[in-house]
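# Coordinates in review
Residues per chain, in single letters:
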Amino acid sequence: MTVPTSFRSGLAEDYLQLVGDSDEYGAVALVTELLDAGVAPQRIMIDLIARTQARVGELWAANEWSVAREHAATAISERALAAVAARTMVRPSRGSITIACVDGEWHALPVRLLAEMLRLDGWRVDFLGANVPGQHLVTHLHQTGPDAVALSCMIATRLPRAHAAITACRAAGVPVIAGGRGFGPGGRYAQHLGADAWAAGAEEAVQRLARNWPPHSPDPQLSAFLGDEEYTYVVRHRGDLIGTAMKTLAQTYPRLREYNTRQLDATTEDLSHIVDFLAAALYVSETQIFTDFITWTSAVLDARGVPPVALRVGLEAVRSQLHDYPTAVAVLNAGTHLVK
Ligand code: B12
């Protein structure tokens, strides 16, 4: 049998088409054929399934695929991943690792992929999935005593919860490896929040955990600003900030009065994201959390035909309520400058 070193041309497009057409059997058959042809399961997971998911995200962001189509494609990729995993059992030869998404984090597929990659490398994996509340995670760690915990945060708004979970895991004596794009470029915020290690993706995590684990980490150098007064104010008044901003928008952005219920709901969600990303930026003292979010939101709104002025007045409607909070105002200003 010849072992292909790369996929045939057009394979990625075929797989994208299958998940986009909700063809679950076709997608499972395709990955099974690849395994039968001798392709390494790791390559199928990383180069086909993960890469396609990134493409699905781009298609959703560009408004070419609906949310429903993205959900269906993701559900099929979960099945394809499960099919690969079911056919590649490995006897555990390393320690045990608990894998979880932090509280409020719903991106379970990236960590499912991480789990399967670590299993293939000989780890005994305890996979807890999406949205694991910190105190339940710690109770579980006390009951099971793993050698490591892998925490995922894909959206920066979950960083305060990630910090609580990291702190609690370390206090329970279990070292933490963090990952997911929520931890910022190069995992900068993971270090800031006290994680013992960080990895960009599953392959790097496999390597990182295979050597030098448990790590010898000094006490983390936490920022003095974590959870300061401004952060506390924004979080405590989240509902009021969003509600008042909606009322202000009705005055300052006349088009809002013609919005249907769906558009009004979407606007409320956008304002919620503004407040939540602002809170995360204040928590970690990193304006970039907010400016990255504004860059991303601008592109998403643009693809949906929403003019930049709508985002600008939304930002102003939040800022006008925060006069007494100079850091919050500075962060909002940095975001507003990016809206063309
Ligand atoms: C599917 C999906 C969803 C699904 C998730 C379902 C599921 N079962 O996972 C649902 C519908 C729930 C969802 C919701 C949202 N999503 Co979403 N989602 C995606 C999508 C399309 C694919 C995710 C995926 O499977 N990726 C495949 C994996 C393999 O990608 P990966 O990141 O390379 O994974 C590696 C690393 O992240 C790393 N890693 C991850 N965790 C960990 C942990 C450790 C310890 C380590 C070491 C490594 C590690 O290892 C992984 C494997 O190599 C992405 C697009 C994308 N590019 O990923 C958007 C995306 C992540 N989502 C996004 C957004 C905005 C959201 C929402 C806020 C949307 C909304 N308006 O509600 C919500 C937030 C929900 C929440 N609070 O968690 C944005 C994030 C943008 C940003 N600002 O950062 C993205 C990038 C889409 C986009 N192009 O804009 N989403």
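Residues numbered from 1 in each chain as written. Predicted model: local features only at pLDDT ≥ 70, side-chain atom pairs only at ≥ 80, totals over all residues. Heavy atoms only, no water.

## A look at the overall build of the protein chain
Looking only at helices and strands, the protein chain has 15 helices and five strands in total. Against the 2.2 N^0.38 benchmark of 20 Å for 340 residues, the protein chain shows a C-alpha radius of gyration of 22 Å, consistent with a compact globule. The dimensions of the protein chain, computed from C-alpha atoms along their principal axes, are 70 × 50 × 30 Å. A burial count over the protein chain gives 48% of its 340 residues as buried. Total accessible area on the protein chain stands at roughly 16,800 Å², and carbon and sulfur atoms take up 52% of it. Of the side chains in the protein chain, 29 bear a positive and 36 a negative charge, and the two mean positions are spaced by 1 Å. (Helix = DSSP H or I, 4+ residues; strand = E, 2+ residues; numbered from the N terminus. Rg over C-alpha atoms; globule rule 2.2 N^0.38 Å. Buried < 20%, exposed > 50% of the residue type's maximum accessible area, 1.4 Å probe, protein only. Areas by Shrake-Rupley, 256 points an atom, 1.4 Å probe, with all protein chains shown as cover. Lys, Arg positive; Asp, Glu negative; His and termini not counted. Charge placed at Lys NZ, Arg CZ, Asp CG, Glu CD.)

## Some words on the site of the ligand
Taken together, 38 residues lie around the ligand, and Glu78, Trp106, His107, Ser152 and Trp296 are the ones closest in. Interatomic distance of 3.3 Å between a backbone N/O atom of Gly57 and a nitrogen atom of the ligand. A distance of 3.3 Å separates a nitrogen atom of the ligand from a polar side-chain atom of Arg181. Of all elements in the fold, only α3 (41-61), α4 (67-86), α5 (108-120), β3 (148-152), β4 (176-179), α9 (202-210) and α12 (261-284) reach the threshold of two or more residues within the shell around the ligand. (Near = heavy atom within 4 Å. Polar contact = N/O pair within 3.5 Å; in protein donor to acceptor, adjacent residues only side chain to side chain.)

## Digging into the domain arrangement of the protein chain
By the assigned domains, the protein chain splits into domain 1 (11-86), domain 2 (96-210) and domain 3 (229-337). Once you take the C-alpha centre of each, domain 2 and domain 3 turn out to be 29 Å apart. Every contact between the two is made by 11 residues of domain 2 and, on the other side, nine residues of domain 3. Across the domain 2 to domain 3 interface the summed buried area is about 900 Å²; carbon plus sulfur atoms make up 67%. (Domains from an automatic or database assignment. Contact = heavy atoms within 4.5 Å. Buried area = accessible area lost by both parts, 1.4 Å probe.)

## As for the pattern of salt bridges
Considering all chains together, one arrives at 15 salt bridges under this definition. Here Arg94 ties to Asp121 by a salt bridge, and the two come within 3.0 Å at their closest N and O atoms. In this pair, Arg94 sits in the loop between α4 and β1 (96-102) while Asp121 sits in the loop between α5 and β2 (124-132), placing the two residues 27 residues apart along the sequence. Given the relative accessible area of 35%, Arg94 is considered partly exposed. (Salt bridge = Lys/Arg side-chain N within 4 Å of Asp/Glu carboxyl O.)

## Structural notes on the coordination of the cobalt atom of the ligand
Protein coordination of the cobalt atom of the ligand rests on one atom only, His107 (NE2), at 2.2 Å. Along the chain, His107 falls in the loop between β1 and α5. (Donors = N, O, S within 2.8 Å, 3.2 Å for Na, K, Ca; no water.)

## A look at the sheet that holds β3
The strands making up a sheet associate through backbone hydrogen bonding, with each pair oriented either parallel or antiparallel. Read across the open sheet, the five strands follow the order β2-β1-β3-β4-β5; overall the sheet is parallel. Only two strands of the sheet have a single neighbouring strand rather than two, namely β2 and β5 (197-198). Sheet analysis places β3 next to β4, joined by four bridges and oriented parallel. Considered in β4, the bridge of Ala150 is made with Ile177. On top of the sheet, α9 reaches β1, β3, β4 and β5; it is set at about 165° to β4, its chief contact. (Pairing = 2+ DSSP bridges. Axes fitted to C-alpha atoms, helices over the stretch in contact; angles between N-to-C directions.)

## A short note on the pairing of β1
Counted residue by residue, β1 has seven buried out of seven residues, so it is predominantly covered. Relative to β2, β1 runs parallel, the two being bridged by six bridges. Opposite Ile99, over in β2, you have Phe127 as the bridge partner. With respect to chirality, the unit in which β1 leads through α5 into the neighbouring parallel β2 is right-handed. Bridge count for β1 against β3 is five bridges, and the pairing is parallel. (Right-handed = clockwise from strand over helix to strand, strands pointing away.)

## So, helix α1 (residues 11-20)
By the burial criterion, the buried members of α1 are Leu11, Tyr15, Leu16, Leu18, Val19 and Gly20. Two residues or fewer past α1, Ser22 is found with a positive phi of approximately 60°.

## Concerning unusual backbone geometry
That bond from Trp213 to Pro214 is cis: its omega, 5°, falls within 30 degrees of zero. One non-glycine residue with positive phi stands out, namely Asn131, at about 50°. Take Asn131: it is sitting in strand β2. Given the relative accessible area of 24%, Asn131 is considered partly exposed. Phi at Asn212 takes a positive value of approximately 55°, unusual for a residue other than glycine.

## As for the environment of Ala54
With respect to the helices, strands and loops of the structure, Ala54 is situated in helix α3. For Ala54, a relative accessible area of 46% translates into the label partly exposed. Sequence separation between Ala54 and Arg91 is 37 residues; the distance between their C-alpha atoms is 31 Å.

## Some words on the packing of aromatic side chains
Within the structure shown, the criterion is met by six aromatic pairs. Pairing Tyr231 with Tyr283 gives two aromatic rings, centres 4.8 Å apart and planes at 65°, and the pair type is edge-to-face. With Tyr231 in helix α10 (residues 229-236) and Tyr283 in helix α12, this residue pair connects regions lying 52 residues apart in the sequence. Pair check on accessibility: Tyr231 and Tyr283 agree, each one buried. In this structure, Arg112 packs its charged tip against the face of Phe127, placed 4.1 Å from the ring centre. Above the ring of Trp60, the side-chain terminus of Arg304 is found at 5.2 Å from the ring centroid. (Phe/Tyr/Trp six-rings, centres within 6.5 Å; stacked < 30°, edge-to-face > 60°. Lys NZ or Arg CZ within 6 Å of the ring centre and 35° of its normal.)

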